[in-house]
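Inside the fold
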Amino acid sequence: MLKAPCPSCGGELIFRSKTSVLCVCEYCRSNVVRRDVNLELIGKQSDMLEDMSPLQLGVTGKYKNKRFHIVGRQILAWSDGRWNEWYIVFSDGRDGWISEAQGEYSILFKPTGKFHLPATNEIKDLESLNIGKTYYKRTDYKEVECLASEGELPFQAIEGSRSTVIDFASRNEEFASIELEATGGAHVYAGVFTSLGKLSISGIRVFDGWGRP
């Protein structure tokens, strides 16, 4: 864990994950990039968009008996709507994501099985993907934009940045996703559908008239 003052306002920044490179200051909304032990300002974020998500920074949960904390979020939008990607860090240092779209949840990680990606300019044409022994077939393709982010994240999720997301699914309801950055980088994730109950979520936001999700 790294704690340091924000270069803009002096407020405390906390990088809990060793893989985090961006922290959005909760006091002044500055984007602060970590380069080893040096911090660099790269503009500010707009105020977060209000939504009715029960999740928030600081929420805890469990997956396969390992406890995690939500430490960051990015809001992504495409032509038919928007969704949340919550960055989670486990007590053993591992990290992952909880994807939240229209009340449905999934949990994703960087795959540990072997896989091969073609050249970046060929990824958009992929119709299938093999990760380890699992075969995935392409199910969706969308151009997305980052509307806002908060907390700490493992890449520079700057407001207005654009990327391409290609989704794949297996016969066993597992899924995988490739995110192509406009700069040419590619991130691969694999996961399963889940629920807040299965994740033993604690510390959620509570709304009047709502039961526990």
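These lines cover the structure that appears in this document, whether it is placed above or below. (Residues numbered from 1 in each chain as written. Predicted model: local features only at pLDDT ≥ 70, side-chain atom pairs only at ≥ 80, totals over all residues. Heavy atoms only, no water.)

Thoughts on the nonpolar core
- With 18 residues, the main nonpolar core has Leu22, Tyr87, Trp97, Leu153 and Ala157 as its most contacted residues.
- Secondary-structure elements contributing two or more residues to this core are β3 (22-24), β7 (66-78), β8 (81-90) and β12 (134-153).
- Among the nonpolar cores identified, the runner-up in size contains 16 residues, and Tyr63, Ile70, Phe90 and Tyr105 belong to it. (Core = buried A, V, L, I, M, F, W, Y, C linked by side-chain atoms within 4.5 Å. Buried < 20%, exposed > 50% of the residue type's maximum accessible area, 1.4 Å probe, protein only. Helix = DSSP H or I, 4+ residues; strand = E, 2+ residues; numbered from the N terminus.)

Section: the side chain of Arg29
- Locating Arg29 in the fold gives a position in the loop between β3 and β4 (30-35).
- Within the structure, Arg29 has its side chain in polar contact with the backbone oxygen of Ser149 (distance 3.1 Å).
- Beyond its immediate sequence surroundings of up to four residues, Arg29 is in contact with Val24, Lys44, Gln45, Ser46, Asp47, Met48, Ser149 and Glu150. (Polar contact = N/O pair within 3.5 Å; in protein donor to acceptor, adjacent residues only side chain to side chain. Contact = heavy atoms within 4.5 Å.)

Comments concerning the pattern of salt bridges
- Counted according to the given criterion, the structure contains 8 salt bridges.
- One salt bridge connects Arg73 with Asp51, and the closest N-O pair in it is separated by 3.1 Å. Taken together, the positions of Arg73 in strand β7 and Asp51 in the loop between β5 (38-44) and β6 (60-63) put the pair 22 residues apart, joining distant regions of the chain. Here the two residues Arg73 and Asp51 agree in accessibility, since each one is buried.
- A salt bridge links Asp51 to Arg205; the nearest nitrogen and oxygen atoms lie 3.6 Å apart. Of this pair, Asp51 sits in the loop between β5 and β6 while Arg205 sits in the segment after β15 (186-194), and the two are 154 residues apart along the sequence.
- For Asp51, a relative accessible area of 16% puts it in the buried group.
- Residue Arg205 is classed as partly exposed on the basis of its relative accessible area of 23%.
- When salt bridges that share partners are traced, they join Asp51, Arg73, Glu150 and Arg205 into one network. (Salt bridge = Lys/Arg side-chain N within 4 Å of Asp/Glu carboxyl O.)

Looking at the layout of surface pockets
- The computed volume of the largest pocket comes to approximately 690 Å³.
- In this structure, the largest pocket is lined by 31 residues; those nearest its centre are Trp83, Ser99, Ala101, Lys142 and Asp167.
- Looking at the lining of the largest pocket, the elements with two or more residues in it are β7, β8, β9 (95-101), β10 (104-109), β12, β13 (162-169), β14 (174-181) and β15.
- Residues that form the lining of the largest pocket fall into these classes: 15 nonpolar, 7 polar and 9 charged. (1 Å grid on protein atoms, 1.4 Å probe; cavity = no way out; pocket = protein on both sides within 12 Å on 5 of 7 lines; lining within 4 Å. Points joined across faces, edges and corners; volume = space filled by probe spheres on them. Nonpolar A, V, L, I, M, F, W, Y, C, P; charged D, E, K, R; others polar.)

Focus on the packing of aromatic side chains
- Counted by the stated rule, this structure contains 6 aromatic pairs.
- Between Phe90 and Phe109 the ring centres are 5.9 Å apart and the planes differ by 40 degrees, which places this aromatic pair in the tilted class. Highlighted residues: Phe90 in strand β8 and Phe109 in strand β10, separated in sequence by 19 residues. The same class applies to Phe90 as to Phe109, namely buried. (Phe/Tyr/Trp six-rings, centres within 6.5 Å; stacked < 30°, edge-to-face > 60°.)

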